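Survey of secondary and tertiary structure
Residues per chain, in single letters:
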Amino acid sequence: MSRVIDAAYHHMQQLRAARWDIDNAVAELLRLKEAAEKEEWWNDPNHELHSIRQQIEDAIDTAPQTSGPRP
């Protein structure tokens, strides 16, 4: 039971870290957008958001698996 709790805790920590990374990425994107608007250029915010989403999905797909199915 302790291993299950430890694994769940570890996953929660990973989710919190991922959430923090996402929040920071969104905040940075908003800062860049505001700066771009001041300079009157902004390409395609949907493309930028898609790029961030793709990077997050790639990071999730390549992250080491901490636990797997039990035999």
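Anyway, here's the lowdown on the structure attached to this text.

Criteria and thresholds
- Residues numbered from 1 in each chain as written.
- Predicted model: local features only at pLDDT ≥ 70, side-chain atom pairs only at ≥ 80, totals over all residues.
- Heavy atoms only, no water.
- Helix = DSSP H or I, 4+ residues; strand = E, 2+ residues; numbered from the N terminus.
- Areas by Shrake-Rupley, 256 points an atom, 1.4 Å probe, with all protein chains shown as cover.
- Patch = residues over 30% accessible without salt bridge, like charges linked within 9 Å, V, L, I, M, F, W, Y side chains within 5 Å.
- Salt bridge = Lys/Arg side-chain N within 4 Å of Asp/Glu carboxyl O.
- Buried < 20%, exposed > 50% of the residue type's maximum accessible area, 1.4 Å probe, protein only.

Regarding its fold elements, the chain presents two helices and zero strands. Accessible surface, the chain as shown: approximately 6,500 Å² in total, 57% of it carbon and sulfur.

It is worth spelling out a nonpolar patch on the surface at this point. A surface patch of nonpolar side chains, about 350 Å² in accessible area, is lined by Met1, Val4 and Ile5. Mapped onto the elements of the fold, Val4 is located in helix α1 (residues 2–38). With relative accessibility at 46%, the residue Val4 sits in the partly exposed group.

According to the stated counting rule, one finds two salt bridges in the structure shown. One salt bridge connects Arg19 with Asp23, and the closest N-O pair in it is separated by 3.1 Å. Separated by four residues within a single helix, Arg19 and Asp23 lie in helix α1, roughly one turn from each other. The class of Asp23 is partly exposed, set by a relative accessible area of 37%. Residue Arg31 pairs with Glu28 through a salt bridge whose shortest N-O separation is 2.8 Å. Of this pair, Arg31 and Glu28 both sit in helix α1, three residues apart, which is roughly one turn of that helix. For Glu28, a relative accessible area of 35% puts it in the partly exposed group.

Honestly, that's just the spatial picture; any functional story needs more than this.
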